[in-house]
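Each chain, letter by letter, is given below.
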Amino acid sequence: MLGRSVRLFLVDGTPQGMRTAEVGNWSGLALVCPRTDLARLGTRPEVRRTGVYILVGPSEVASSAPFAVYVGEGDEVWTRLTSHDDSKDFWTWVVIFVSKDDNLTKAHVRWLEATLIREIKKAKRAEVTNASDPVGGRLPEADTSDMETFFENIRLLLPTLGVNVFSVERPEGLGDKLVLELRWEHAQAECVVREGQFVVKAGSLARAKEVDSLGDSTRTLRKMLKESGVLVPVDGNGMLLRFAQEYAFDSPSAASGVVAGTQLNGRIVWKVKGVGIPYKEWQEKQVAAAKKTSQDVV
């Protein structure tokens, strides 16, 4: 995959304050703002444009997801944000996406809103508070192509801005370079490493039983995955749960804890498929080889 250039600007000079984000050769612009600075956000020209936005805050249902989001659109984003300031309590910051050349129309942002809601719900990494699923409407072929590109840049920027709500897609035409496997009692799972995350494959089997010493965060995550339909019962086998879809974890230990129902060192228990060595050992060999290469170059 080719590299991409992302430009971040800290409006206040602080990492948690108002920020803008752009992708090289893209007509779009992201604007991030904490709710505490909402009044100052209203003085910026970007919020008077047509765009989509995502309200972000802690989940009101603790077991449902780590955080909650609301996706919306508007001819003038500022008008919609002020209405949400009156009607929605959960959100603590907002991410806005507009066009620098004012080329986004109402039809465009309705398409983007529907696509964002669909893809975030599909990944099941956040609680979506929208009461309905908008259809989005049909666009001419050329406009659809433009909005698909616009959405891919939104998809690129959101995790960069701390809103990690999407599944990790395998690059088109490329296989997964590193496949890991884990066996624990009757549980059998496969995991691929993509974009720094550990994606457990659909069809993998997790242990239904949880040990008493299982950490609260892992217990809560397993509960969320069962409630959202990522982990489903296996017919005729009460000892196992099945991954109904692939799911991305932030660390190998988080993935192994969910699979095994007990706390494990994921870097040790996940083994490289076809090789049999722990992921930790495989990674150390890669680092050692890279170190030797750099020394040889010097």
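Up top is the structure these notes are about.
This write-up is about the structure you can find in this document. This one's a predicted model, so the numbers in the text were calculated from it and none came from an experiment. (Residues numbered from 1 in each chain as written. Predicted model: local features only at pLDDT ≥ 70, side-chain atom pairs only at ≥ 80, totals over all residues. Heavy atoms only, no water.)

Turning our attention to the packing of helix H3 (residues 106-123) against helix H4 (residues 141-160). Where H3 meets H4, the closest approach of the two axes is 10 Å, and the angle between their N-to-C directions is 50 degrees. In this view, H3 runs oblique relative to H4, as classed from their interaxial angle. Between H3 and H4 the crossing geometry is right-handed. Of the residues in H4, those touching H3 at His-108, Trp-111, Leu-112, Thr-115, Leu-116 and Glu-119 are Asp-143, Met-147, Glu-148, Phe-150, Phe-151, Ile-154, Arg-155 and Leu-158. Looking at side-chain class alone, the contact of H3 with H4 contains eight nonpolar, two polar and four charged residues. (Axes fitted to C-alpha atoms, helices over the stretch in contact; angles between N-to-C directions. Helix = DSSP H or I, 4+ residues; strand = E, 2+ residues; numbered from the N terminus. Parallel < 35°, antiparallel > 145°, perpendicular 65-115°, else oblique. Left-handed = near helix turned anticlockwise from the far one by under 90°. Contact = heavy atoms within 4.5 Å. Nonpolar A, V, L, I, M, F, W, Y, C, P; charged D, E, K, R; others polar.)

Looking now at the pairing of strand S8 (residues 179-184). Both S8 and strand S9 (residues 187-194) contribute to a ladder of six bridges, which runs antiparallel. Its bridge partner lying in S9, Val-179 is registered against Val-192. Hairpin remark: S8 followed by S9, antiparallel, with two residues in the connecting loop; positive phi at Glu-185, about 55 degrees. (Pairing = 2+ DSSP bridges.)

Between its terminal C-alpha atoms H3 stretches 26 Å, which fits the 26 Å expected from 18 residues at 1.5 Å a residue. Those residues of H3 not exposed but buried are His-108, Val-109, Trp-111, Leu-112, Glu-113, Ala-114, Thr-115, Leu-116, Ile-117, Glu-119, Ile-120 and Ala-123. The secondary structure elements touched by the buried residues of H3 are strand S4 (51-58), strand S5 (67-74), strand S7 (127-128), H4 and strand S14 (247-249). Just downstream of H3 lies Lys-124, where phi reads positive at about 60 degrees. (Expected span 1.5 Å × (residues − 1). Buried < 20%, exposed > 50% of the residue type's maximum accessible area, 1.4 Å probe, protein only.)

It is worth spelling out the sheet that holds S7 at this point. Pairing is mixed across the open sheet formed by seven strands, whose spatial order is S1-S2-S3-S6-S4-S5-S7. The sheet is open, and its two edges are formed by strand S1 (6-10) and S7, each paired on a single side. Note: S4 against strand S6 (residues 93-99), six bridges, orientation antiparallel. The partner of Val-52 across the bridge, within S6, is Phe-97. Contacts between H4 and the sheet are confined to S1, strand S2 (19-23), strand S3 (28-34), S4 and S6, with S6 contributing the most and set at about 150 degrees to the helix.

Quick look at the environment of Val-56 now. Topologically, Val-56 is positioned in strand S4. On a C-alpha basis, the gap between Val-56 and Gly-266 in space is 30 Å, while along the polypeptide they are 210 residues apart. Val-56 has contacts with Phe-67, Ala-68, Val-69, Phe-90, Trp-91, Thr-92, Trp-93 and Val-163, leaving out every residue within four places of it along the chain.

Turning our eyes to something else, we now look at the pairing of S6. The element S6 is extensively covered by neighbouring structure, given that seven of its seven residues are classed as buried. Alternating residues of S6 divide into Trp-93, Val-95, Phe-97 and Ser-99 and Val-94, Ile-96 and Val-98, and every residue in both groups is buried. Across seven bridges, the pairing between S3 and S6 is antiparallel. Across the sheet, Val-32 pairs through a bridge with Val-95, a residue of S6.

The next point concerns the environment of Gln-188. Mapped onto the elements, Gln-188 comes out in strand S9. Judged by its relative accessible area of 41%, Gln-188 is partly exposed. Taking the C-alpha atoms as reference points, Gln-188 and Lys-100, separated by 88 residues in sequence, lie 49 Å from one another. Those residues in contact with Gln-188, other than ones at most four positions away along the chain, are Leu-182, Arg-183, Ser-204 and Leu-205. For Gln-188, the side chain forms a polar contact with the side chain of Arg-183, separated by 3.0 Å. (Polar contact = N/O pair within 3.5 Å; in protein donor to acceptor, adjacent residues only side chain to side chain.)

On to the environment of Trp-93. Here Trp-93 is to be found in strand S6. If sequence neighbours within four positions are ignored, Trp-93 has contacts with Val-32, Cys-33, Pro-34, Arg-35, Ile-54, Leu-55, Val-56, Leu-161, Gly-162 and Val-163.

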